[in-house]
Amino acid sequence: MYAYSEFDRAFVRDRVEQFREQLDRRLSGALTEDEFKPLRLMNGVYLQLHAYMLRVAIPYGTLSSDQMRMLAYIADRWDRGYGHFTTRQNIQFNWPRLIDTADILSALADVDMHAIQTSGNTIRNVTTDQFAGAALDEIADPRPYAELIRQWSTDHPEFQFLPRKFKIAITGSADDRAVIRAHDIGLQLIDHQGKHAFRVFVGGGLGRTPVIGQELHPALPEGDLLPYLEAILSVYNMAGRRDNKYKARIKITVAAMGVEAFRTKVESVFPSIKAGFNNQVMTMLDGLRHQFSPPEYDEKSREPYLELLDTDIDFKIWIERNVSPHKHPSYASVSISLKGHGETPGDATSEQMRAMADVAQTFGHDELRVSHEQNVVLPHVAQGDLPEIFRRLQKAKLAVANIGLLSDIIACPGMDYCALATARSIPVAQEIALRYASREAEIGFMKIKISGCINACGHHHVGHIGILGLDKAGVENYQITLGGSAGGGAVDAAIGVKMGRGFSAEELMPALDRLIDAYLLLRADVTETFAELVVRMGTQPFKEALFVVDKRD
Amino acid sequence: MAGLKAPVVITANDLLSGEVVYLSPLHTWLPTLVTSQVYQTAEQAEAVLAQVAIESEVIGPYLMEVAVLNDVPGASIVPKHYREEFRRRGPSNYFHGKQEHSGNKVVS
């Protein structure tokens, strides 16, 4: 893992003390709310429906066990004993008091963490594959690049007041687990003529205008990564609209200009920017790479694992669903589901955080990851330790075997917490998970994603089934989209198609029943997933199923 | 405030805790809707809002529509929109927020 330098540490400490002074001035009345709001947001402090919310950055989703324990401590001491892991691989606390926020940031700084650039029109936390550095199918670990981008983008003076927020994701595998095509910039590491290079996608995004990113560069040499990103950002910074926040994301700039014209502009500024970097990128990368070297693998016997696999059906099912192949033959990566049936997607209690930290410290080379799907991953565990890991996770109610199944739902906080929401998401996710708990194995691979407003934090546009909660004349109403895909696997990234009118909360579950029944009836065989079937047959049969009872449409 | 229909109350979030608060007849901010001042015209409420908006102990005061139910003992003030009902009650996934302190669990 990347270890903070003295520079990083001093920088974060300075920011905490700066914020503490700003907070004191707010509390004394020296600063008005209008003056203070941008300052607190720069440090991740939002005001939500019932309370403040603190969003803490987890760079590319990587945590040590000490850091996870600190999150548990913060949850207990200053919040309500839990935290909410987000699609940006971050964590949010839903109940901090304003007066405690400087102390919380100070506690985070103790473990080299902060909340910088978790808000505002800046470059946000760079996200990546939760299996980075472990995945069998990756070309190289994407995290050194993610760390390079973090260092470059943190407090970058030119990019603190962009037209709008800016999100970058990077994958080291062709099988994209980081939704790169739905990002302002998506980077896919490739092998190009024996060297590492990037396919660069630009102008993707969800929200009220969902767009799949377009290819800007087919094979950018890794040494050109930062100057090329800076070229894109500088073009966007000048050309992006600032008159209308709904038209201010780079996807609108690229769409208005056309990707060819956008590329021409980027290429025209690129040489001078590159010259300014003075070929330092490769030196920086080399310096970072050794900080992400693989763990010292324990050559443990696989026997205990193979034995339990034969005798314990629950263990076998958990292995099949929650455990992924590792580049080391006797290792594996474990996905810890934060999607217990009827629980809030992405939430973990402080007790569960400590349990995960303990398992990571004892069996997982001290590393944890947060996935954009709101689960936690142990990237490096010896297969021989899997039985004991399973037992400990079971004890902490963290061994739910549902990764990739219907109940492994992404859901935004919705109107239970969020000031922007137009309807609730969490109760919908809870009800769906409980409703299909006994059938989800039969239904198979399925991604349901739920947003409580058009801003699409719940990624509903790229859900196989997307659900968008809206306010229809003062009543919560849920619109279904089908055919979306986050990319990776067998189905390319795609934006889902709206299926007619929305459903009331009461109508929604029977409508989903009809949808699922139609899928089970129409699929060629059990290996054809819902997403594949929608690609093969289109959405029409499902639209008919959704509205069969209701003749109003 | 276009299209706002009286009766209305004035609501905001407390600066220190972020908790939802309502303006009382004594111009103090209280955490309970039942003790709020109900304004029978939006104009009246807007005049008061203009005064309280410059106070620094709360954030983002605004008017919200309510219904006053006179047929329940002691009368009761009820938010018109579900968003305000959630603000009055707390989240639906945990028994946190105002509902914790109100004695009875409110079932949606």
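Predicted model only: the values in this text are computed from it and were never measured.

## Structural notes on the overall build of chain B
- For chain B, the count of helices and strands is three helices and five strands.
- Listed N to C, the secondary structure of chain B is β-β-β-α-β-β-α-α in terms of helices and strands.
- Split into buried and exposed, the 108 residues of chain B put 28% on the buried side.
- Put simply, 48% of the contacts in chain B that link residues at least 6 apart link residues at least 24 apart.

## Concerning the interface of chain A and chain B
- Chain A puts 23 residues into the contact, and the matching count from chain B is 20 residues.
- Top element by residues in the side of chain A that touches chain B is helix α14 (residues 426-435) of chain A. It accounts for three residues.
- Classifying every residue of the side of chain A that touches chain B gives eleven nonpolar, six polar and six charged.

## Some words on the sheet that holds strand β9 (residues 195-202) of chain A
All names here are of chain A.
- Pairing is mixed in the open sheet, where five strands are placed in the order β6-β7-β8-β9-β10. Where the open sheet ends on each side, the last strands, each with one partner, are β6 (127-128) and β10 (214-221).
- Across five bridges, β9 lies against β10 in antiparallel orientation. Counterpart to F201 in the pairing with β10 is E215.

## What about the packing of helix α1 (residues 6-28) of chain A against helix α4 (residues 101-110) of chain A?
Residue and element names in this part refer to chain A.
- The interhelical angle for the contact between α1 and α4, taken along N-to-C directions, is 175°, at an axis separation of 9 Å. One element, α1, and the other, α4, form an angle in the roughly antiparallel class. Seen from α1, the contacting residues are V12, R13, V16, F19, R20 and L23; seen from α4, they are T101, A102, L105, S106 and A109.
- Classifying every residue of the contact of α1 with α4 by side-chain character gives seven nonpolar, two polar and two charged.

## A short note on the confidence of the model for chain B
Residues and elements named next belong to chain B.
- A residue-level look at chain B finds 89% of positions with pLDDT of 70 or above and a mean pLDDT of 89.
- Segment residues 104-108: pLDDT under 50, and five contacts once partners within four positions in sequence are set aside and those in other chains are kept.
- Two summary scores accompany this predicted model of the complex, namely pTM at 0.95 and ipTM at 0.92.

## Examining the sheet that holds strand β13 (residues 347-349) of chain A
All names here are of chain A.
- Strand order in this open sheet of five strands is β1-β2-β5-β4-β13, and the pairing throughout is antiparallel. The open sheet has two free edges, formed respectively by β1 (45-47) and β13, since each of these has just one partner strand. Taking the axes of each pair of neighbouring strands and ignoring which way they run, one obtains an average angle of 30° across the sheet.
- Strand direction decides the pairing type here: β1 and strand β2 (residues 52-56), joined by three bridges, are antiparallel. By the bridge assignment for β2, L47 is matched with Y52.
- The strands touched by helix α12 (residues 350-363) within the sheet are β4 (82-85) and β13, with β13 carrying the most contacts at an inclination of about 85°.

## What to know about the nonpolar core
- Counting 180 residues, the largest nonpolar core has I170, V200, L225, I232, I336, M356 and V381 of chain A as the members making the most contacts within it.
- The element contributing the most residues to this core is helix α6 (residues 225-239) of chain A, with nine residues.

## Here's the deal with the environment of Y246 of chain A
- Relative to the helices and strands, Y246 of chain A is located in the loop between α6 and α7 (250-257).
- Residues Y246 of chain A and N455 of chain A lie 209 residues apart in sequence; the distance between their C-alpha atoms is 9.9 Å.

## A closer look at the pairing of strand β19 (residues 475-482) of chain A
All names here are of chain A.
- The buried fraction of β19 is high, at seven of eight residues.
- With eight bridges joining them, strand β18 (residues 465-472) and β19 adopt antiparallel strand pairing. Along β19, the bridge assignment pairs G466 with T481.
- Between β18 and β19, which pair antiparallel one after the other, the connecting turn spans two residues, and A473 there sits at a positive phi close to 50°.
- Pairing analysis gives two bridges linking β19 to strand β20 (residues 497-498), with the strands arranged antiparallel. When the sheet's bridge partners are listed, T481 is paired in β20 with K498.

Basis of the calculations
Residues numbered from 1 in each chain as written. Chains lettered and ligands numbered in written order. Predicted model: local features only at pLDDT ≥ 70, side-chain atom pairs only at ≥ 80, totals over all residues. Helix = DSSP H or I, 4+ residues; strand = E, 2+ residues; numbered from the N terminus. Buried ≥ 20, exposed ≤ 12 C-beta atoms within 10 Å, placed from the backbone. Contact = placed C-beta atoms within 7 Å. Nonpolar A, V, L, I, M, F, W, Y, C, P; charged D, E, K, R; others polar. Pairing = 2+ DSSP bridges. Axes fitted to C-alpha atoms, helices over the stretch in contact; angles between N-to-C directions. Parallel < 35°, antiparallel > 145°, perpendicular 65-115°, else oblique. pLDDT = per-residue confidence, 0-100. Core = buried A, V, L, I, M, F, W, Y, C linked by C-beta atoms within 7 Å.

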